[in-house]
Amino acid sequence: MQTLIDSRMTMPDFIAALFDKLDLAGVAAMTKLPSGEKAAYTLLTDKDDIEDCVPYFPAMPANAARAVSKFTRQAPPSKQVAVFLRPCELRALTELVKIKQAAVDNLLIIGFDCAGVFPFSKIRLSDELKLKEYREAVAKGKNCEGIRPVCSACTRFVPEGADIAISFIGRNLDEPLVLSFPSEKGKEAAKTLGLDSSSKVEASPAVDSLAEERGGAEKKLTEKIEEALSGTDGLISVFDKCISCHACSHVCPICYCKNCYFESQTFEYFPESYFTRMREKGALRLPVDRVLFHLGRLSHMGLSCVACGMCEDACPVNIPVSQIFKTAGAKAQALFGYIPGKNRDEPLPLLTFSERELEEFED
Ligand code: SF4
Ligand code: SF4
Ligand code: SF4
């Protein structure tokens, strides 16, 4: 357990101090959009803009790891950037680092306990009542009504791999931040920020109560999905509504391929092959390969699925895509004893070979 300290700074004061005391190129965080209704992940380079910064706003328009990948993939930024990330975004970033799609050099990663987010279409900055209920749920360490199912069942809601971690479950969001500094980079930043390590704070019991509630919800979600997916018919029926728009893969932080295999020429058939397949089956649903796409995606990235919920939020026909990928991904991950997003130095299972593994499948 990391030592928690009272920073004596509210969120706006903390962000101002980052600009004032650290030599930063900018801060990346959720920020109000000019419409006043929505917020988006934004790279701010001017301290005057920080009043619009709302890192806790409970929406995820994109998994921020994708944004971080954009400005670090070719080369790390020349000056340090402070990035605010939710735990599942930080896990996605860790996976992207392993496949050389992002770098963390010159990033100061600020993670925070996550009370979950609402489906993006269902939350606006002006939803005062909903945001009040959310704040109350955070203070009590309870799931707020209306957050995404995958968030209600998210047991990894404390950041792993952050330089600075903000502990806010069980606390009032307007009060001074309670911080810990898990990395050497974070400890250095704390010194430069002049944070007093003697002002220690106890961990809130609300973190444990939320973990317990979510553990129960995760078990129920797993049972529900396993039942829905049982057998080939179950799988076909779950994806019956799928319109093959591939939005789920376009928003997935782990699906990084510029040219997706399932959108490549491999899946463009000569006309006659459609008629051959139709004659074999009697009828052919178009477009073809709907379920194959999901199975293929699962086999490509299921080991790294960080259960962030983006795919489900993007699905226009409400298929519980992230609940499916979370459940199926967890099974594959357990097989390899792999926890995605846990440890930047742990190689991906499919990039390593161990002589004695998966022996149960040999016969
Ligand atoms: S899945 Fe939901 S609760 Fe879990 S870290 Fe992501 S946004 Fe937060
Ligand atoms: S498959 Fe879905 S839940 Fe898993 S990492 Fe991709 S977008 Fe997130
Ligand atoms: S977003 Fe939904 S409809 Fe579109 S391909 Fe994915 S599962 Fe199918």
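Reading guide: rules and limits
Residues numbered from 1 in each chain as written. Chains lettered and ligands numbered in written order. Predicted model: local features only at pLDDT ≥ 70, side-chain atom pairs only at ≥ 80, totals over all residues. Near = placed C-beta within 6 Å. Nonpolar A, V, L, I, M, F, W, Y, C, P; charged D, E, K, R; others polar. Domains from an automatic or database assignment. Contact = placed C-beta atoms within 7 Å. Helix = DSSP H or I, 4+ residues; strand = E, 2+ residues; numbered from the N terminus. Pairing = 2+ DSSP bridges. Buried ≥ 20, exposed ≤ 12 C-beta atoms within 10 Å, placed from the backbone. Expected span 1.5 Å × (residues − 1). Arc of directions from axis to C-beta. Core = buried A, V, L, I, M, F, W, Y, C linked by C-beta atoms within 7 Å.

**Student:** What am I meant to see in the site of ligand 3 here?
**Tutor:** Around ligand 3 sit 13 residues in total, of which Cys242, Cys245, Ala247, Cys248 and Cys315 are the nearest. Class assignment for the residues of the shell around ligand 3 results in 11 nonpolar, 2 polar and no charged.

**Student:** It is not clear to me how the domain arrangement of the chain should be interpreted in this structure. Could you clarify?
**Tutor:** What the domain assignment reports for the chain is domain 1 (4-217) and domain 2 (219-361). Its C-alpha centre places domain 1 at a distance of 29 Å from the equivalent point of domain 2. Taken together, the contact between domain 1 and domain 2 spans 30 residues of the former and 25 residues of the latter. Considering each element in turn, the side of domain 1 that touches domain 2 owes the most residues, 10 residues, to helix H3 (residues 87-98). Looking at side-chain class alone, the side of domain 1 that touches domain 2 contains 17 nonpolar, 6 polar and 7 charged residues.

**Student:** Sorry if this is basic, but what is going on with the sheet that holds strand S8 (residues 200-201) here?
**Tutor:** Strand-to-strand pairing in sheets goes through backbone hydrogen bonds, with the strands running parallel or antiparallel. If you walk across this open sheet you meet the 8 strands as S3-S2-S4-S5-S6-S7-S1-S8, and the pairing is mixed. Each of the sheet's edge strands pairs with one partner strand only, and the pair in question is strand S3 (39-44) and S8. In the sheet, strand S1 (residues 4-6) pairs with S8 via 2 bridges, with the strands oriented antiparallel. The partner of Leu4 across the bridge, within S8, is Val201.

**Student:** How should the site of ligand 2 be read in this particular structure?
**Tutor:** In the vicinity of ligand 2, the contacting residues are Cys252, Pro253, Ile254, Cys305, Val306, Ala307, Cys308, Gly309, Met310, Cys311, Ser322 and Phe325. Put simply, the parts of the chain that give the shell around ligand 2 at least two residues each are helix H12 (310-314) and helix H13 (321-336). Class assignment of the residues belonging to the shell around ligand 2 gives a composition of 10 nonpolar, 2 polar and no charged.

**Student:** How should the environment of Met310 be read in this particular structure?
**Tutor:** With respect to the element layout, Met310 can be found in helix H12. On the neighbour-count criterion, Met310 (31 C-beta atoms within 10 Å) is buried. Each C-alpha atom of the pair Met310 and Val321 lies 9.0 Å from the other, and the pair is 11 residues apart in sequence. Look past the residues within four positions of Met310 in its chain and what remains in contact with it is Met60, Asn63, Val251, Cys252 and Pro253.

**Student:** Hey, could you run me through helix H4 (residues 128-140) in this one?
**Tutor:** The α-helix winds at 3.6 residues per turn, so residues separated by three or four positions along the chain end up facing the same way. Given a rise of 1.5 Å per residue, 13 residues ought to cover 18 Å, and the 18 Å separating the end C-alpha atoms of H4 matches this to within 8%. Taken as a whole, H4 has its buried residues at Tyr134, Ala137 and Val138. Looking straight down H4, one finds that the buried residues subtend no more than 100° of arc, so they occupy a single side. Among the exposed residues of H4, those oriented more than 90 degrees off its buried face are Glu128, Leu129, Lys132 and Glu136.

**Student:** Is there a simple way to think about the nonpolar core in this case?
**Tutor:** Side chains of nonpolar character tend, in soluble globular proteins, to be buried together. In this structure, Ala28, Val83, Leu93, Ile109, Ile110 and Leu179 are the most contacted members of the largest nonpolar core, which totals 83 residues. The contact partners of Ile110, leaving out residues within four places of it in the chain, are Ala82, Val83, Phe84, Ala162, Asp163, Ile164 and Ile166.

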